[in-house]
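Structural characterization, general
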Amino acid sequence: MKHLKMGFLMDPLEKIKCLEDTSFYIMKRAFEKGHDAIYIDSRHVFALGNRVCARAQSVEANTRDGFKPREPVERYDLESLDLLFIRKDPPFDAHYLYLTHLLELLKGKVPILNDPAGIRSANEKLYALRFPEWIPETCVAQESVTILDFLETVGDAVLKPPCERGGIDIVRVRKKDASKEKAVASLLAKYGTVIAQRFIPAVERGGDKRILVLDGRILGGYVRIPPRGDFRVSVFHDGRYEPASFDERDRRMVESLRPALLADGLYFVGLDVIGGFLSEVNVTSPAGIPESNLFAGRELEDDVVAFLPGRGEDIGPLLVEHPAVANIAFTGSRTVGLAIWEAAGK
């Protein structure tokens, strides 16, 4: 296959620490494979009628220079891309919300990873509620009394806002704490809605397991061990990394989530698992490839670059019509196979 034009919709480059960033690793591998890596600042996306465009530029990604422009910034019609990676970090704010509406105009025209509608509907801290058999006791509320009643029941809980990342404003409270009412009221005043989950002591000993999932299957992962005296594990809190092993519960969990993830177009996600319980489902810009590579014995970004997301009935015609595709070997449903065969014969 000849090179593809791959778009990477991201935050401003000056915010990115290349050697620690999953997006950089994916873009670097795409460039090394001969593909054209198009950097798109999320602030520079716009629509003219129903045509989605952006001011963007082709870049080289390497460990020496980071991101190196190959051409000046120019206007791109995003329908000209062969594949679009949405790699903008949270928080999922108004800008991110409107962006997903614009990008949804590309559906059926450009394969997108992850689906913008899926990102919009899958709050990273609330999506796990769809899978009650895998999560710890959880309460989501807008009133102090409800959260305090929940705390009386579980005894020890973690409070977190539904829209932040990196451990921001995550606090632990116990029902015996004199300041528990103040902690709850403070978060409610700031965010309006608060998530309370039973505290899982295993996080202090065994950390938080990040499981990277591609196409509904385990790609790799690692364990984040919190620093001494803290329970939070994130890029903003020092700790250490250890290799992850995936037990039968992990595999059954991923298999259980797979139908919903694929139905929502969430092909590349990061699951946060503590003591066997699902804590969060990261869908906006899942991280963890550089850390996972330390223990995987291979470079996981290879699999991501080689993956073409979408339903068979959508992807088949795009492959058939693409001038760089010479042959297609298909295994799957008869309906989709016939659709590809019919398109190829035209």
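See the structure shown above.
The notes below deal with the structure included here. (Residues numbered from 1 in each chain as written. Predicted model: local features only at pLDDT ≥ 70, side-chain atom pairs only at ≥ 80, totals over all residues. Heavy atoms only, no water.)

**Brief notes about a nonpolar patch on the surface**
A contiguous nonpolar patch, built from Y241, L294 and F295 and spanning about 310 Å² of accessible area, is present on the exposed surface. Following the sequence through the fold, L294 ends up in helix α8 (residues 289-296). (Patch = residues over 30% accessible without salt bridge, like charges linked within 9 Å, V, L, I, M, F, W, Y side chains within 5 Å. Areas by Shrake-Rupley, 256 points an atom, 1.4 Å probe, with all protein chains shown as cover. Salt bridge = Lys/Arg side-chain N within 4 Å of Asp/Glu carboxyl O. Helix = DSSP H or I, 4+ residues; strand = E, 2+ residues; numbered from the N terminus.)

**Observations concerning the pattern of salt bridges**
Tallied over the entire structure, the rule returns 30 salt bridges. With a closest N to O distance of 3.2 Å, K180 and E152 form a salt bridge. Here E152 lies in helix α4 (residues 144-154) and K180 lies in helix α5 (residues 180-191), a separation of 28 residues in the sequence. D272 is the salt-bridge partner of R210, the closest N and O atoms lying 2.7 Å from each other. Here R210 is found in strand β12 (residues 208-214), whereas its partner D272 is found in strand β15 (residues 268-274), with 62 residues between them in sequence. Neither R210 nor D272 differs from the other in exposure class; each is buried. Several salt bridges converge on common partners, so that one network encompasses K28, R29, E32, E299 and D302. (Buried < 20%, exposed > 50% of the residue type's maximum accessible area, 1.4 Å probe, protein only.)

**Looking at the sheet that holds strand β10 (residues 171-174)**
One open sheet accounts for four strands, arranged β8-β11-β9-β10; its pairing is antiparallel. Two strands in the sheet have a free side with no partner beyond their single neighbour: β8 (138-141) and β10. Between one strand axis and the next, the sheet turns by 25 degrees as a mean value, whatever way the strands run. Two strands pair when backbone bridges link them, and strand β9 (residues 156-160) and strand β11 (residues 194-198) are joined in this way by four bridges, in the antiparallel orientation. Of the residues in β11, the one forming a bridge with V158 is Q197. The strands touched by α5 are β8, β9, β10 and β11; relative to β10, the strand with the most contacts, the crossing angle is about 145 degrees. (Pairing = 2+ DSSP bridges. Axes fitted to C-alpha atoms, helices over the stretch in contact; angles between N-to-C directions. Contact = heavy atoms within 4.5 Å.)

**Considering the packing of α4 against α5**
With their axes 10 Å apart at the nearest point, α4 and α5 run at an angle of 135 degrees to one another. With respect to each other, α4 and α5 are oriented oblique. Between α4 and α5 lies a crossing of right-handed hand. The residues of α5 that touch α4, namely those facing S144, I147, L148, L151 and E152, are K180, E181, V184, A185 and L188. For the contact of α4 with α5, the per-class residue count stands at six nonpolar, one polar and three charged. (Parallel < 35°, antiparallel > 145°, perpendicular 65-115°, else oblique. Left-handed = near helix turned anticlockwise from the far one by under 90°. Nonpolar A, V, L, I, M, F, W, Y, C, P; charged D, E, K, R; others polar.)

Treat this as a map of the structure, not an account of what it does.
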